[in-house]
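Next come the chains, spelled out residue by residue.
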Amino acid sequence: MSIIFNNVRISMSGKFFPGQKVLVEKGKINMVGSSIHKNVEKSIECNQKYLVPGLIDAHSHLGLFESCSPMNDMAESWAEITPHLRPLDGIKMRDRAMEDARRAGITTCMVCPASELPIAGICSILKTNGNSADVGLIVEQAGILMSFGEVPKANARMTEKPHSTRMGLTAVIRETLMKAQDYYAAKQSKKVIKDREIDMEALIPLIRGEVPMRACAHRAEDIMAAIRIAEEFKLKLVIEHGTEAHLLTSVLAEKKIPVVLGPTLLPRFREELNEKTFESAIILMDAGVDVALTCDYPGLPIETLRVAAAMAMQYGLDERRALAAITEIPAKILGVDERIGKIKKGYDGDLALFSGHPLDIRSKLEALVVDGDLFIFSNDVKVEMGS
């Protein structure tokens, strides 16, 4: 399918420029400019509305938490560690939340198991279109989710596991990574391994440095524990949630550790959220830390991603960086910034058309393109059919 958006405002160098056109062909952005003349299948006259890259939520449980169901597929709470869990095996693409995500302008999500266990499982990146997770899958293994702090502690106590303190749970992570190193070394030396171990196999890309440890950590001390583990085992690291990350700006900036921040709209309903502030994003970004915002669905409704960016602006973050925190920067943190996060020739055809500025919450999403598939959400959008 070929689609052209005529007379749109698109963001360039932090400002929106009117009178632009964007052509999508075969699922990719093919041309961007003020003068495009080409026969297309669908032409949309946009009347100076705002066209932005499809929004990206870099931390969610979309499709694993089933709407209106008392059960979910987010975690194996009674296990000790589950590095081998694959979201692809549990995601329900037909869940109502996928449609909600599209209606919110979100075209890409990182989906991971819940953070109830110290090593929770594989993180995958997928688009929000298609009837099967295989259709929208971008990267099956984009990291291993690990968890520090109150959530794994509470689960360990509830399920009566032998380790239920910060020290004990961090020791479980350390012990597992030591075993993974030994397992990988044995494979490299061609020693006979009688049986493959599914949990160790899942950790090999992490040990080899191919994917990062994605560490759920709110409190500063838990963030530092994750940093110690990453440095001890020479792992790439991304901090997830990072409620107190703004207290460690110099450390994170020096070590070039990015933060997926949020959900910032949560109240301070538990101790490790006491230092939560809407100023975290600007404090971290001013220090040189890459920050993406998340609503951590189902922690908050998937529709609140734009609201989180708008609140960051209210507390001092400039428009350019606020929009980047839900487009360009999460693409970079997820390692897919060469194909999504920008309106640029050759990038995936992921676009969101808003009636007004995308960070004005009064603006409505009118149309969405995901990998070239067009979704219309407003009767105001007129699509002319071409050849």
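Presented here is a report on the structure given in the accompanying data block. In this text, all values refer to a predicted model and were calculated from it rather than measured experimentally. Each chain carries its own residue numbering, running from 1 in the direction its sequence is written. In view of the model being predicted, local features appear only for residues whose pLDDT reaches at least 70, and side-chain atom pairs are presented and counted only at 80 or more, with totals across whole chains, interfaces and linings using the full set of residues. For side-chain calculations, the full set of non-hydrogen atoms in the structure is used, while hydrogens and water are omitted.

Brief notes about the packing of helix α4 (residues 166-188) against helix α6 (residues 220-232)
Helix-helix packing is described using two parameters, namely the angle between the two axes and the distance between the axes.
Then comes step 1: Here the axes come from fitting lines to C-alpha atoms, over the contacting stretch only for helices, and the angles between their N-to-C directions go from 0 to 180 degrees. Segments assigned H or I by DSSP are reported as helices when at least four residues long, segments assigned E as strands when at least two residues long, and all are numbered from the N terminus. Their axes nearest at 11 Å, the elements α4 and α6 cross at an angle of 20 degrees. In terms of orientation, α4 and α6 fall into the roughly parallel class. You can see that α4 and α6 cross each other, and the crossing is right-handed. Residues R166, T170, I173, R174 and L177 of α4 pack against D222, I229 and E232 of α6.
Then comes step 2: Tallied by class, the residues present in the contact of α4 with α6 amount to 3 nonpolar, 1 polar and 4 charged. Note on angle classes: values under 35 degrees are labelled roughly parallel, values over 145 roughly antiparallel, values of 65 to 115 roughly perpendicular, and the remainder oblique. By definition, turning the near helix anticlockwise from the far helix through less than a right angle yields a left-handed crossing, and turning it clockwise yields a right-handed one. Contact definition: two residues touch when any of their heavy atoms are within 4.5 Å. The nonpolar class holds Ala, Val, Leu, Ile, Met, Phe, Trp, Tyr, Cys and Pro. Asp, Glu, Lys and Arg form the charged class, and all remaining residues, Gly among them, are polar.

A few points about empty space enclosed by the protein
Then comes step 1: The pocket and cavity definitions rest on a 1 Å grid over protein atoms only: a 1.4 Å probe that fits but cannot leave marks a cavity, an open set with protein on both sides within 12 Å along at least five of seven lines marks a pocket, and residues lining either have an atom within 4 Å of a point. Grid points are joined across faces, edges and corners, and a volume is the space filled by probe spheres set on the points. Within this structure, the stated rule accounts for 3 cavities of 30 Å³ or more.
Then comes step 2: Along its surface, the largest cavity is lined by 13 residues, and T243, G262, P263, T264 and K276 are the ones closest to its centre.
Then comes step 3: Looking at side-chain class alone, the lining of the largest cavity contains 4 nonpolar, 8 polar and 1 charged residues.
Then comes step 4: Approximately 50 Å³ is the volume attributed to the second largest cavity.
Then comes step 5: Every residue lining the second largest cavity is listed: P53, G54, I56, T107, T108, R339, I340, G341, K342, Y347, D348 and D350.

Regarding the sheet that holds strand β12 (residues 237-241)
Backbone-to-backbone hydrogen bonds pair the strands of a sheet. The strands run either parallel or antiparallel.
Then comes step 1: Any two strands are treated as partners once DSSP identifies two or more bridges connecting them. As summarised here, the arrangement of the 6 strands in space is β7-β10-β11-β12-β13-β14, forming an open sheet in which the pairing is mixed. Looking along the sheet, the strands with just one partner apiece sit at the ends: β7 (119-122) and β14 (291-293). Averaged over neighbouring strand pairs, the angle between their axes works out to 25 degrees when direction is ignored.
Then comes step 2: Where helix α5 (residues 198-207) meets the sheet, it contacts β7, β10 (144-147) and β11 (213-217), and its direction lies at approximately 95 degrees from that of β10.

So, the nonpolar core
Then comes step 1: Take the buried Ala, Val, Leu, Ile, Met, Phe, Trp, Tyr and Cys residues and link them wherever side-chain atoms come within 4.5 Å; each set so joined is a nonpolar core. Only protein chains enter the accessibility calculation, which uses a 1.4 Å probe; a residue is then buried when its area is under 20% of its type maximum, exposed when over 50%, and partly exposed in between. Judged by nonpolar contacts, the single largest core of 108 residues is most densely connected at M213 and L252.
Then comes step 2: With 7 residues, α6 is the largest single contributor of residues to this core.
Then comes step 3: Counting 18 residues, the second-largest nonpolar core is a separate cluster that includes I29, I44, I343 and V369.

Examining the pattern of salt bridges
Side-chain pairs of opposite charge can arise where the charged atoms are in close proximity.
Then comes step 1: Within this document, salt bridges are pairs made up of a side-chain nitrogen of Lys or Arg and a carboxyl oxygen of Asp or Glu, the two lying within 4 Å of each other. Taken as a whole and judged by the stated rule, the model has 27 salt bridges.
Then comes step 2: With its nearest N and O atoms 2.3 Å apart, the salt bridge here joins R86 to E140. Taken as a pair, R86 in the loop between β5 (55-60) and α1 (96-103) and E140 in the loop between β9 (137-139) and β10 lie far apart in primary sequence, 54 residues in all.
Then comes step 3: R86 gets classed as partly exposed once you look at its relative accessible area, which sits at 35%.
Then comes step 4: D350 is the salt-bridge partner of K127, the closest N and O atoms lying 2.9 Å from each other. Of this pair, K127 sits in strand β8 (residues 124-127) while D350 sits in the loop between α11 (328-333) and β15 (351-354), placing them 223 residues apart in sequence. Side by side, K127 and D350 carry an identical accessibility label, which is buried.
Then comes step 5: Salt bridges linked by common partners bring K28, K127, R339, D348, D350 and D371 together as one network.

Comments concerning helix α9 (residues 305-314)
Then comes step 1: Counting buried positions along α9 yields 7 of 10 residues, so the element is predominantly enclosed.
Then comes step 2: Buried within α9 are the following residues: L305, R306, A308, A309, A310, M311 and A312.
Then comes step 3: Where α9 is buried, its residues meet β5, β6 (106-111), α8 (280-286), β14, α10 (319-324) and β15.
Then comes step 4: Just downstream of α9, G316 is the residue with a positive phi angle, here 115 degrees.

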